[in-house]
Amino acid sequence: SALEGTIDGGSVQIFGAAEPQQLEALITRIKGFKGVLGIGTAVQPLSPRLCPVVDVMAPLVRSNQRGHFELMIMAPAPGESVREGEAVPVEIRGSMVPAYIAVDYFRPDETVAHLSPRPHEQPQQWQPGRDIGTSDLEASGLTAMAGEGLLTVIATPSPLFAAPRPDRAARAAYLPA
């Protein structure tokens, strides 16, 4: 899970993403603390299959937020609707520093589709503030599946991988890399 929280007086606010059962257990524990008057939540439900991915990505997201890199994913794009099974329109707001961008889609079938750099292509450095759209991605592997997939974007000062990547990889092999 990737949960964070704030405390203001006796009010606790929890936000992020977590398995529903995990969130319920946390709320029960917090309610037991002396002085807690109320609990507010803004938590996205997370499939248990995606927890290992979120565990790896959460520290990177927090680092992005602290560094004000403004790297974010907006899918679907504002004003566009997506039906299950259709290609998802994606807009990624660029890093504020020159960076190599890796975009991956963790699919429900336990594979990872590599969307950028495009499969079998060398990574290229993106300039500050450049946005990435669906046309920049190998989006054939990106479809809406009722919230069961997870789209990630990573910006690094040097390429994340030295060699071009295939179009897909097994999730179990990719995460440790």
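Residues numbered from 1 in each chain as written. Predicted model: local features only at pLDDT ≥ 70, side-chain atom pairs only at ≥ 80, totals over all residues. Heavy atoms only, no water.

Visitor: Explain the overall build of the chain to me, using residue names and the numbers behind them.
Guide: Helix and strand counts for the chain stand at three helices and eleven strands. The N-to-C order of helical and strand elements in the chain reads β-β-α-β-α-β-β-β-β-β-β-β-β-α. The proportion of buried residues among the 177 residues of the chain is 37%. (Helix = DSSP H or I, 4+ residues; strand = E, 2+ residues; numbered from the N terminus. Buried < 20%, exposed > 50% of the residue type's maximum accessible area, 1.4 Å probe, protein only.)

Visitor: Could you give an account of the sheet that holds strand 1 (residues 2–8), naming the residues involved and the relevant values?
Guide: An order of 1-2-3 is seen for the three strands of this open sheet, with the pairing classed as mixed. Edge strands, defined here as strands with exactly one partner in the open sheet, are strand 1 and strand 3 (38–45). Each strand of the sheet is rotated relative to its neighbour by a mean of 10°, with strand direction disregarded. Sheet strands touched by helix 1 (residues 20–31): strand 1, strand 2 (11–18) and strand 3. Its angle to strand 2, the strand with the most contacts, is close to 165°. (Pairing = 2+ DSSP bridges. Axes fitted to C-alpha atoms, helices over the stretch in contact; angles between N-to-C directions. Contact = heavy atoms within 4.5 Å.)

Visitor: Could you give me a rundown of the nonpolar core, with the residues and numbers involved?
Guide: Grouped together as the largest cluster of nonpolar side chains are 13 residues, with contacts concentrated most on Leu-46, Phe-106 and Tyr-174. Of all hydrophobic cores here, the second largest spans twelve residues; its members include Ile-92, Tyr-105, Ile-132 and Val-153. (Core = buried A, V, L, I, M, F, W, Y, C linked by side-chain atoms within 4.5 Å.)

Visitor: Give me the lowdown on the side chain of His-114, citing residues and values where you can.
Guide: Of note, His-114 is situated in strand 7 (residues 111–116). At 2.6 Å, the side chain of His-114 and the side chain of Asp-104 are in polar contact. (Polar contact = N/O pair within 3.5 Å; in protein donor to acceptor, adjacent residues only side chain to side chain.)

Visitor: Quick rundown of the packing of aromatic side chains? Include the residues and the values.
Guide: Tallied over the full model, the rule gives two aromatic pairs. Ring pairing ties together the aromatic residues Phe-106, Phe-161 and Tyr-174, which thus form one cluster. (Phe/Tyr/Trp six-rings, centres within 6.5 Å; stacked < 30°, edge-to-face > 60°.)

Visitor: Would you mind going over helix 1 in detail, with residue names and values included?
Guide: Residues that lie three or four places apart on an α-helix share one face, since the helix turns once every 3.6 residues. Spanning twelve residues, helix 1 covers 17 Å between terminal C-alpha atoms, matching the ideal 16 Å at 1.5 Å per step. For helix 1, every residue scored as buried is listed here: Leu-23, Ile-27 and Ile-30. Projection of helix 1 onto a plane perpendicular to its axis shows the buried side chains occupying an angular sector of 65°, all on one side. Summarising the geometry of helix 1, the exposed residues directed more than 90 degrees from the buried face are Gln-21, Glu-24, Thr-28 and Arg-29. Next to the buried residues of helix 1 lie strand 2 and strand 3. (Expected span 1.5 Å × (residues − 1). Arc of directions from axis to C-beta.)

Visitor: Give me the lowdown on the pairing of strand 3, citing residues and values where you can.
Guide: A regular strand places its side chains so that they alternate between the two faces of the sheet. Looking at chain direction, strand 2 and strand 3 are connected through eight bridges and run parallel. Counterpart to Ala-17 in the pairing with strand 3 is Gln-44. The parallel pair strand 2 and strand 3 is bridged by helix 1, and the resulting crossover is right-handed. (Right-handed = clockwise from strand over helix to strand, strands pointing away.)

Visitor: Would you mind going over the pattern of salt bridges in detail, with residue names and values included?
Guide: Tallying each qualifying case throughout the model produces three salt bridges. Its salt-bridge partner being Asp-104, residue Arg-165 comes within 3.1 Å of it at the nearest N-O pair. In this pair, Arg-165 is assigned in the loop between strand 10 (150–156) and strand 11 (168–170) and Asp-104 in strand 6 (residues 99–106), connecting sequence segments 61 residues apart. You'll find Arg-165 and Asp-104 in the same group, each marked buried. Between Arg-171 and Glu-110 there is a salt bridge, with the nearest N and O atoms lying 3.7 Å from each other. Here the residue Arg-171 occupies a position in helix 3 (residues 171–174), and Glu-110 occupies one in the loop between strand 6 and strand 7, the gap between them amounting to 61 residues. On the basis of relative accessible area, Glu-110 is assigned to the partly exposed category, the value being 35%. (Salt bridge = Lys/Arg side-chain N within 4 Å of Asp/Glu carboxyl O.)

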